[in-house]
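Letter by letter, the chains look like this.
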Amino acid sequence: MPETPVALLHGVGLDSTMWGPVRDALGRESVAIDLPGHGRQAALTGPVSLAELAQDVLDRLPARSHLVGFSLGALIAQHIARFHPDRVETLTCVSSVCRRTDAESGAVLARLSAAERDFPGTVEASIDRWYSGTSVPESVVEATRRTLAANDVGSFVHAYRVFAVGDAVIGPELGRITVPTLAITGELDPGSTPEMTERLAAAIPGARPVVVPGARHMLPVQEPDYLAKAINEFIQELKGGPA
């Protein structure tokens with residue numbers, strides 16, 4: 001029987017190429033999907049909902065997958081796991097927000113407003129928030145900067161608005177997710193905090209939280225080997241075999 005592939009969903013303003021090091025480290029069949037409005041997909045030209053993004057992605061996913069979502073991709077993955085569990089063998093939420101507090105919601109809405117006023121400033125603020133203090137090579141940081149800067153600004157804002165409010169949309173549904181779930185984030189992630197990962201694991205029945213020491217938001221880029229090992233061990237454990 002063919003092996004179930006790993007399907008990887010990126011975050012706002014990025015594209016499927018961010019998963020290259022993780023795919024190499026996984027050592028198993030995988031596919032990385034460009035979210036609507038990103039990469040090779042057409043720009044978003046109007047407001048869009050989390051459900052609409054999820055349906056678009058679902059139409060391009062393998063029939064069944066180990067679904068891995070990062071940041072906005074994690075919210076989309078949660079929506080798919082909740083409403084289409086037959087398509088998801090396991091769910092891994094990487095650097096995911098969860099049930100933001102009023103203060104946390106205020107902070108992300110302020111970043112959304114800033115993106116509308118000053119997109120270049122948003123790019124630089126994101127790079128600083130994601131990579132400051134890490135040992136990620138400057139060439140990799142610069143590649144992320146180029147990807148962010150190349151976004152259609154209107155499309156980025158439409159996607160970012162879903163990221164800003166999507167946790168409130170999927171939050172009430174988390175307790176109805178039935179697929180095995182891993183929630184993993186970086187110890188030093190200022191936006192998708194360890195506390196949020198604990199909230200997520202508490203909300204989804206049987207979910208397991210993992211916090212990666214020293215990692216910031218771009219966990220798949222900063223610690224691809226660690227993340228790939230966590231995903232592989234999670235999958236293998238559920239199969240009942242050695243990690």
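Scoring rules and cut-offs
Residues numbered from 1 in each chain as written. Predicted model: local features only at pLDDT ≥ 70, side-chain atom pairs only at ≥ 80, totals over all residues. Heavy atoms only, no water. Salt bridge = Lys/Arg side-chain N within 4 Å of Asp/Glu carboxyl O. Helix = DSSP H or I, 4+ residues; strand = E, 2+ residues; numbered from the N terminus. Buried < 20%, exposed > 50% of the residue type's maximum accessible area, 1.4 Å probe, protein only. Pairing = 2+ DSSP bridges. Right-handed = clockwise from strand over helix to strand, strands pointing away. Core = buried A, V, L, I, M, F, W, Y, C linked by side-chain atoms within 4.5 Å. Contact = heavy atoms within 4.5 Å. Phe/Tyr/Trp six-rings, centres within 6.5 Å; stacked < 30°, edge-to-face > 60°. Lys NZ or Arg CZ within 6 Å of the ring centre and 35° of its normal. Polar contact = N/O pair within 3.5 Å; in protein donor to acceptor, adjacent residues only side chain to side chain. Disulfide = S-S within 2.5 Å.

S.K.: Please clarify how the pattern of salt bridges should be interpreted in this entry.
M.R.: Close approach of charged atoms lets side chains of opposite charge pair. Taken as a whole and assessed by the stated rule, the structure comprises 13 salt bridges. Arg-82 is the partner of Glu-173 in a salt bridge, and the nearest nitrogen-oxygen pair spans 2.7 Å. Here the residue Glu-173 occupies a position in the loop between α7 (153-170) and β5 (181-186), and Arg-82 occupies one in helix α3 (residues 72-83), the gap between them amounting to 91 residues. One salt bridge in this structure joins Lys-229 and Glu-233, with 2.6 Å as the shortest N-O distance. With Lys-229 and Glu-233 both in helix α10 (residues 224-239), this residue pair falls four residues apart, about one helical turn.

S.K.: What should I look at first to understand the pairing of β5 in this one?
M.R.: The side chains of a regular strand alternate between the sheet's two faces. Of all six residues in β5, six are buried, a share of seventy percent or more. Residues Thr-181, Ala-183 and Thr-185 of β5 are buried on one face, and the alternating residues Leu-182, Ile-184 and Gly-186, pointing to the opposite face, are buried as well. Where strand β4 (residues 88-94) and β5 come together, four bridges link them in parallel fashion. Considered in β5, the bridge of Leu-91 is made with Thr-181. Bridge analysis of β5 against strand β6 (residues 208-212) gives five bridges, and the strand direction is parallel. Residue pairing for β6: Gly-186 is matched across the bridge by Val-212. In this fold, the crossover linking β5 to β6 by way of helix α8 (residues 194-203) has right-handed handedness.

S.K.: Mind showing me how you'd approach the nonpolar core here?
M.R.: Note that soluble globular proteins tend to have their nonpolar side chains buried in a common cluster. Formed by 78 residues in total, the largest nonpolar core has its most connected members in Leu-9, Trp-19, Leu-61, Leu-72, Ile-76 and Ile-80. In terms of residue count, α7 provides more of this core than any other element does, eight residues in total. Leave out the neighbours within four places in its chain, and Leu-9 touches Trp-19, Ile-33, Leu-35, Val-57, Leu-61, Leu-67, Val-68, Gly-69, Phe-70, Gly-73, Ile-76 and Ala-77.

S.K.: It is not clear to me how the packing of aromatic side chains should be interpreted in this structure. Could you clarify?
M.R.: Pairs of aromatic rings are described using the distance from one ring centre to the other and the angle between the two planes. Scanning the model with the defined rule gives four aromatic pairs in all. Measuring from centroid to centroid gives 5.1 Å for Phe-119 and Phe-156, while their planes differ by 70°, and the two rings are edge-to-face. Of this pair, Phe-119 sits in helix α5 (residues 119-131) while Phe-156 sits in helix α7, placing them 37 residues apart in sequence. The burial state of Phe-119 is the same as that of Phe-156; both residues are buried. Taken together, the ring pairs connect Phe-119, Phe-156, Tyr-160 and Phe-163 into an aromatic cluster. In this arrangement the basic side chain of Arg-82 is found over the ring face of Phe-83, its NZ or CZ atom lying 4.6 Å from the centre. Here the basic side chain of Arg-100 rests over the ring of Phe-163, its NZ or CZ set 4.8 Å away from the ring centre.

S.K.: Would you explain the side chain of Asn-151 in this entry?
M.R.: Along the chain, the position of Asn-151 falls in the loop between α6 (138-149) and α7. The class for Asn-151 is buried, based on a relative accessible area of 13%. A polar contact is formed between the side chain of Asn-151 and the backbone oxygen of Gly-13, at a distance of 2.9 Å. Sequence-distant contacts of Asn-151, defined by excluding residues within four places in its chain, comprise Gly-13, Gly-37, His-38, Phe-119 and Phe-156.

S.K.: Would you mind going over the side chain of Thr-122 with me for this structure?
M.R.: The topology assignment puts Thr-122 in helix α5. A relative accessible area of 11% means that Thr-122 is categorised as buried. Excluding anything up to four places from it in sequence, Thr-122 contacts Arg-111, Ala-114, Ala-115 and Phe-156.

S.K.: Would you explain the state of the cysteines in this entry?
M.R.: One covalent bond between the sulfur atoms of two cysteine residues makes up a disulfide. Under the defined criterion, the tally for this structure stands at zero disulfides. Of all cysteine sulfurs, the one in Cys-98 lies closest to Cys-93, which takes part in no disulfide; the gap is 8.8 Å. The buried category is assigned to Cys-93, whose relative accessible area is 1%.

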